[in-house]
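# Examining the three-dimensional arrangement
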Amino acid sequence: MDTQQQQQQSAIQGAKVLMVGAGGIGCELLKTLALSGFHDIHIIDMDTIEVSNLNRQFLFRRSHVGQSKAKVARDAVLRFRPHINIRSYHANVKNPEFDVDFFKQFDVVLNGLDNLDARRHVNRLCLAADVPLVESGTTGFLGQVTVHVKGKTECYECQTKPTPKTYPVCTITSTPTKFVHCIVWAKELLFAKLFGDKNQDNDLNVRANKAASSSKETEDVFELAEDEDIEQYGRKIYDHVFGYNIEAALSNEETWKNRRRPRPIYSKDVLPESLSQKNGSTQNCSATSVDDSAMVSAMPLLGLKNPQELWGLTQNSLVFIEALKLFFAKRKKEIGHLTFDKDDQLAVEFVTAAANIRAESFGIPLHSLFEAKGIAGNIVHAVATTNAIVAGLIVIEAIKVLKKDADKYRMTYCLEHPSRKMLLMPVEPFEPNPSCYVCSKTPLVLEINTQKSKLRDLVDKIVKAKLGMNLPLIMHGASLLYEVGDDLDDIMVANYNANLEKSLSELPSPVINGSILTVEDLQQELSCKINVKHREEFDEEKEPEGMVLSGWTQSRATNGESASTSNNESAVEVTESSSGPEIASKKRKLSETQPENHKRETENVESEDDDDLMEIENPMTVSKKKKRVAYTFP
């Protein structure tokens, strides 16, 4: 072994590594680290193992379902590398114990997370602790690995990230044109109304005429009477949402002048008079155990076996009624507290059937259960090989970081189709973005109506949702307006809670046009300035939050759509990558460096896998204002 190899082996064996995430990428990564000679590895993951993980997270077995991913992964690797140190933490990386001091003990941090919020949190802790971060992600056949070293390369938040797309509520409730609109309606409105909190307000209570809407029956349409037959209740709901509500919508002629008119659908026109004799009683369903509630299914009762089969209107209607009956027969104790879960078979069946019936009414193509589940659960089905490739690339970059070989750092993109005869596209990292509010401390600008908007709106919609702060502190000059922490006394908590309900201009230190706010997160050791600009009016559809933040790393608007997002629960999130005209290096255009089919695949990712996905960036695309280092190819 030559001197260089000895130095590399010494760096590997002496390194203390933190892994965040033990899912699809994490399993591959832990195995690869152990086999590459790393001796001190720490793993954080808050998740437990599910059956759906077993096809690609190879360290887990069926007997491990329900157990901690981090602990089981540790135990599995120690069986073939018993002499190395692996410590597991079954916890959320955002917990207070994982602070800056905790991160400082590591030589490198390796991320395999599944959401933007957690990634931003780890990025900020790594910056504060001055510890290099290797990021990663996969979506189907696409993958990426990026290196982030404070002061040398961009941080994770220097570049724009695909922002979840939202749809206006009026589109979801009144004028759907895409199947995803029907899914959102079925999941966020109908399912929530029937099986979640029945007191929530939504547009499902519309009736066809004033006479009907004045009746007690109409007012309590979603309430199941004590002596009411469940099948009749299901038919009543069916007729209400697919029949009467559609008729009510049709009464507004102006809406349909330039749109295709929907067709009201009633149960009597689709279903037989009684389903009990045709399909058997729900009491005979084999899935009766409370522990197996997530596996209760209406499909066997109806002779439906293939989730990829496309159901017609009658089949969807049967599934709708039978699924509803099963919820009341087998899971009645859960009703009133349920939220949609992609791993809840009965919930997926109900939402699929409801979405398809609504789609039929509005002339939208129907989708199979398999397809609907992917949309409703935001799933892009993972590819184990991509995870393995990305895990290998992570280790390669980690070794470079440990050797402090900065000239050889690479951001590497895994492509679905070859470009220049390569499936792996290495790119030299970006330099830090001087406009990044996280690592360059550039002030942000917030346009807001300071007279109408409350401090709570600022905290929820901007500080937490957009800036990703968990324990925020907000100051205006020397006045402390809001703070979160366990060490606050009751009087301080009461004062801050009172401030939350005041408009910005009514605060003890009034926030008006030209005010400068200081916002900090003590756990992340992050601080930024927000310049406030008063604005009277906002476009309700394009700017639904009633405020606009500039200077943060939000996704650029594409195809004329606003990049603003809404916190409205009825919005569906769709990951989209923005595209730019050319890369800075050597003036290569996108079409010259990347095949069109890969560009299209990257830009149209519509959903997320449960544990593997990151926001996959377009590898050959960069804003004109961004400086990119020259490409280097192997």
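Everything that follows concerns the structure shown earlier in this document.
Figured I'd write up the structure that's included with this text.

So, how was this worked out
- Residues numbered from 1 in each chain as written.
- Predicted model: local features only at pLDDT ≥ 70, side-chain atom pairs only at ≥ 80, totals over all residues.
- Heavy atoms only, no water.
- Helix = DSSP H or I, 4+ residues; strand = E, 2+ residues; numbered from the N terminus.
- Buried < 20%, exposed > 50% of the residue type's maximum accessible area, 1.4 Å probe, protein only.
- Contact = heavy atoms within 4.5 Å.
- Areas by Shrake-Rupley, 256 points an atom, 1.4 Å probe, with all protein chains shown as cover.
- Pairing = 2+ DSSP bridges.
- Axes fitted to C-alpha atoms, helices over the stretch in contact; angles between N-to-C directions.
- Salt bridge = Lys/Arg side-chain N within 4 Å of Asp/Glu carboxyl O.
- Core = buried A, V, L, I, M, F, W, Y, C linked by side-chain atoms within 4.5 Å.
- Parallel < 35°, antiparallel > 145°, perpendicular 65-115°, else oblique.
- Left-handed = near helix turned anticlockwise from the far one by under 90°.
- Nonpolar A, V, L, I, M, F, W, Y, C, P; charged D, E, K, R; others polar.
- Phe/Tyr/Trp six-rings, centres within 6.5 Å; stacked < 30°, edge-to-face > 60°.
- Lys NZ or Arg CZ within 6 Å of the ring centre and 35° of its normal.
- Patch = residues over 30% accessible without salt bridge, like charges linked within 9 Å, V, L, I, M, F, W, Y side chains within 5 Å.
- Right-handed = clockwise from strand over helix to strand, strands pointing away.

## Thoughts on the overall build of the chain
Tallying secondary structure elements over the chain gives 19 helices and 14 strands in all. Taking all 634 residues of the chain together, the buried fraction comes to 53%. Restricting to contacts in the chain with at least 6 residues of sequence separation, those with at least 24 account for 70%. When the accessible surface of the chain is split by element, carbon and sulfur atoms take 47% of a total near 28400 Å².

## Let's talk about the sheet that holds strand E10 (residues 472-476)
Pairing in this open sheet of six strands is mixed, and the strands run E11-E10-E12-E13-E9-E14 from one edge to the other. Looking at the sheet topology across the chains shown, the edges are occupied by strand E11 (479-483) and strand E14 (547-550). Strand-to-strand twist of the sheet, defined as the mean angle between neighbouring strand axes without regard to direction, takes the value 25 degrees. Direction of pairing for strand E9 (residues 444-448) relative to strand E13 (residues 526-534): parallel, over a ladder of five bridges.

## Section: the pattern of salt bridges
Counted by the stated rule, this structure contains 25 salt bridges. The partner of Lys325 in a salt bridge is Glu231, and the shortest N-O contact between them spans 3.6 Å. With Lys325 in helix H12 (residues 313-330) and Glu231 in helix H10 (residues 230-250), this residue pair connects regions lying 94 residues apart in the sequence. Taking the shortest distance from any N to any O, the salt bridge between Glu253 and Arg261 comes out at 3.2 Å. Of the residues examined, Glu253 reaches a relative accessible area of 47% and is grouped as partly exposed. For Arg261, a relative accessible area of 42% gives the class partly exposed. Bridged by salt links that share partners, the residues Glu231, Arg235, Glu322 and Lys325 form one connected network.

## Examining the nonpolar core
Core analysis: the biggest nonpolar cluster contains 61 residues, and Leu190, Phe195, Phe320 and Phe350 have the highest contact counts within it. Of all the elements in the fold, those that place two or more residues in this core are helix H7 (179-195), H10, H12, helix H13 (345-361) and helix H14 (369-376). With eleven residues, H7 is the largest single contributor of residues to this core. Core analysis: the next-biggest nonpolar cluster, separate from the first, contains 41 residues, Ile25, Phe38, Ile41 and Val72 among them.

## Points about the packing of H10 against H12
Running from amino to carboxyl end, H10 crosses H12 at an angle of 130 degrees, the nearest separation of the two axes being 9 Å. In this view, H10 runs oblique relative to H12, as classed from their interaxial angle. Considering only the axes of H10 and H12, their crossing is right-handed. Together, Ile230, Glu231, Tyr233, Gly234, Arg235, Ile237, Tyr238 and Phe242 of H10 and Leu313, Ser317, Phe320, Ile321, Leu324, Lys325 and Phe328 of H12 make up the contact between the two elements. Class assignment for the residues of the contact of H10 with H12 results in ten nonpolar, two polar and three charged.

## Side note on the packing of aromatic side chains
Going through the model one piece at a time under the given rule, you end up with 21 aromatic pairs. Measuring from ring centre to ring centre gives 6.4 Å for Phe195 and Phe328, while their planes differ by 55 degrees; the resulting arrangement is tilted. Within this pair, whereas Phe195 is found in helix H7, its partner Phe328 is found in helix H12, the two being separated by 133 residues in sequence. For the pair Phe195 and Phe328, a shared accessibility class is recorded, and that class is buried. Among the aromatic side chains, those forming a connected cluster through ring pairs are Trp185, Phe191, Phe195, Tyr233, Tyr238, Phe242, Phe320, Phe327, Phe328, Phe340 and Phe350. Across the ring face of Phe106, the terminal group of Lys16 is positioned such that the distance to the ring centre comes to 5.6 Å.

## Some words on the pairing of strand E12 (residues 516-521)
Sheet analysis places E10 next to E12, joined by five bridges and oriented antiparallel. Note that in E12 the partner of Pro472 across the bridge is Asp521.

## Brief notes about the sheet that holds strand E4 (residues 108-111)
Sheets are built from strands that pair by backbone hydrogen bonding, the pairs being arranged parallel or antiparallel. What the eight strands build is an open sheet, ordered E3-E2-E1-E4-E5-E6-E7-E8; its pairing is mixed. The sheet is open, and its two borders are formed by strand E3 (85-89) and strand E8 (422-427), each paired with just one other strand. The sheet shows a mean angle of 20 degrees between the axes of neighbouring strands, direction not considered. Taken together, the three bridges between strand E6 (residues 142-148) and strand E7 (residues 411-419) define a ladder with antiparallel strand orientation. Pairing of Gln144 across the sheet is with Tyr413, part of E7. Set on the sheet, helix H15 (residues 384-402) makes contact with E4, strand E5 (133-139), E6, E7 and E8; between it and E6 the angle comes to about 15 degrees.

## Some points on the environment of Asn316
Within the secondary structure layout, Asn316 lies in helix H12. Considered as a pair, Asn316 and Thr352 are 36 residues apart in the sequence and their alpha carbons are 7.9 Å apart. Setting aside chain neighbours within four positions, we find Asn316 in contact with Trp311, Thr352, Ala353, Asn356, Ile357 and Leu366.

## A look at a nonpolar patch on the surface
Judged by side-chain polarity, Ile389, Leu423 and Leu424 come together as a nonpolar surface patch covering roughly 220 Å² of accessible area. Residue Leu424 is classed as partly exposed on the basis of its relative accessible area, which comes to 33%.

## Things to note about the pairing of strand E2 (residues 40-44)
Most of E2 is tucked away: four of the five residues are buried. By the bridge criterion, five bridges tie strand E1 (residues 16-20) to E2 in an arrangement that is parallel. Along E2, the bridge assignment pairs Val17 with Ile41. Taking the sense of rotation as the criterion, the β-α-β connection linking E1, helix H2 (residues 24-35) and E2 turns out right-handed. Note that E2 and E3 share five bridges and pair parallel. The partner of Ile41 across the bridge, within E3, is Ile86. In the classification by handedness, the crossover that spans E2, the intervening helix H3 (residues 69-78) and the parallel E3 is right-handed.

## Quick look at H14
Regarding H14, the residues found buried are Leu369, Ala372, Gly374 and Ala376. Elements in contact with the buried residues of H14: H7 and H13. One or two positions beyond H14, positive phi appears at Asn378, with a value near 55 degrees.

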